[in-house]
Amino acid sequence: MQVVVVIVGNGAVGKSSMIQRYCRGVFTKGYKKTIGVDFLEKPLRILSQDVRLMLWDTAGQEEFDAITKAYYRGAQACVVAFSTTDRASFQAVKKWRKKVEDECGGSSIPMVLVQNKIDLMHQSAVTNEEVEALAQECNMRIYRTSVKEDINICNVFQHLAENYVNQ
Ligand code: GDP
Ligand code: MG
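Residues numbered from 1 in each chain as written. Chains lettered and ligands numbered in written order. Predicted model: local features only at pLDDT ≥ 70, side-chain atom pairs only at ≥ 80, totals over all residues. Heavy atoms only, no water.

Undergrad: Lay out the state of the cysteines in plain terms, naming residues and giving numbers.
TA: According to the stated counting rule, one finds zero disulfides in the structure shown. Counting only cysteine sulfurs, Cys154 is the nearest neighbor of Cys23, a cysteine outside any disulfide, at a range of 10 Å. Cys104 takes part in no disulfide bond, and the closest cysteine sulfur to it belongs to Cys78, at a distance of 7.6 Å. (Disulfide = S-S within 2.5 Å.)

Undergrad: Explain the site of ligand 1 to me, and be specific about the residues and the numbers.
TA: Surveying the vicinity of ligand 1 reveals 20 residues, the closest of which are Ala12, Lys15, Ser17, Lys29 and Asp119. Val147 places a main-chain nitrogen or oxygen 2.8 Å from an oxygen atom of ligand 1. Between ligand 1 and Lys148 there is a distance of 3.3 Å, counted from an oxygen atom to a backbone nitrogen or oxygen. Here ligand 1 has 580 Å² of accessible area as a free molecule, and 90% of this is covered by the chains. Among the elements that take part in the shell around ligand 1, helix 1 (residues 15-24) stands out by supplying three residues, more than any other. The residue makeup of the shell around ligand 1, split by class, is six nonpolar, nine polar and five charged. (Near = heavy atom within 4 Å. Polar contact = N/O pair within 3.5 Å; in protein donor to acceptor, adjacent residues only side chain to side chain. Areas by Shrake-Rupley, 256 points an atom, 1.4 Å probe, with all protein chains shown as cover. Helix = DSSP H or I, 4+ residues; strand = E, 2+ residues; numbered from the N terminus. Nonpolar A, V, L, I, M, F, W, Y, C, P; charged D, E, K, R; others polar.)

Undergrad: Account for the environment of Arg24, naming residues and giving values.
TA: Along the chain, the position of Arg24 falls in helix 1. It is 22 Å that separates the C-alpha atoms of Arg24 and Gln76, two residues lying 52 residues apart in sequence. Setting aside residues no more than four positions away along its own chain, Arg24 makes contact with Ile19 and Leu40. (Contact = heavy atoms within 4.5 Å.)

Undergrad: Now, about the packing of aromatic side chains: what can you tell me, with residues and values included?
TA: Summed over all chains, the structure comprises three aromatic pairs. Both rings, one in Tyr22 and one in Phe157, keep their centres 4.4 Å apart while their planes meet at 25°; by these two values the pair is stacked. With Tyr22 in helix 1 and Phe157 in helix 6 (residues 153-166), this residue pair connects regions lying 135 residues apart in the sequence. Here Tyr22 and Phe157 have matching classes, each one buried. Sitting over the ring of Tyr22, Lys42 keeps its end group 4.8 Å from the ring centre. Positioned above the aromatic ring of Trp96, the side-chain terminus of Lys99 is 4.6 Å from the ring centre. (Phe/Tyr/Trp six-rings, centres within 6.5 Å; stacked < 30°, edge-to-face > 60°. Buried < 20%, exposed > 50% of the residue type's maximum accessible area, 1.4 Å probe, protein only. Lys NZ or Arg CZ within 6 Å of the ring centre and 35° of its normal.)

Undergrad: Explain the confidence of the model for the protein chain to me, using residue names and the numbers behind them.
TA: Residue-level pLDDT values for the protein chain average 89, and 90% of them are 70 or greater. Across the interfaces of the predicted complex, the ipTM metric reaches 0.99, alongside a pTM of 0.93. (pLDDT = per-residue confidence, 0-100.)

Now the structure itself:
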């Protein structure tokens with residue numbers, strides 16, 4: 001079984017790093033802007049089923065909107081990510097969620113909210129209360145992650161895959 005997962009959110013929240021970490025076990029400090037769309041695969045075994053996650057990495061910048069939108073259409077699960085230190089990325093969560101929903105033709109796919117860079121909690125631009133309120137309002141499960149410290153990354157994708165298999 002193959003599950004296509006798109007990871008969306010503003011630029012520099014850690015989408016590409018998250019995919020690299022999860023699929024390749026590495027973290028790189030430098031920021032390389034994603035151009036258009038890229039993807040990596042991760043084989044998993046869930047409830048004695050072989051599942052292949054196809055992780056689509058999309059550019060957060062508006063200039064690539066037309067390219068990235070086409071990829072949302074085939075998505076079977078979605079991660080909406082924002083950064084602990086970037087308030088604008090938090091405020092953009094609903095916009096990203098809607099973009100994916102619109103392209104998926106109203107069929108609801110499993111989605112989770114990811115607050116990345118929790119290793120930088122001391123520079124936080126959001127409060128836990130507002131993050132929880134948003135998650136509740138959007139009816140999304142929240143995962144707090146650090147790609148840098150490798151916290152909670154596996155759980156995000158494990159959850160989505162399980163959700164999909166059980167659906
Ligand atoms: P994208 O534009 O969403 O794909 O973001 P990138 O994956 O390119 O990451 C943007 C920058 O944030 C890079 O310099 C990463 O090294 C850094 N970064 C990503 N995740 C984390 C994290 O959990 N903690 C910290 N401190 N930096 C991170
Ligand atoms: Mg990127």
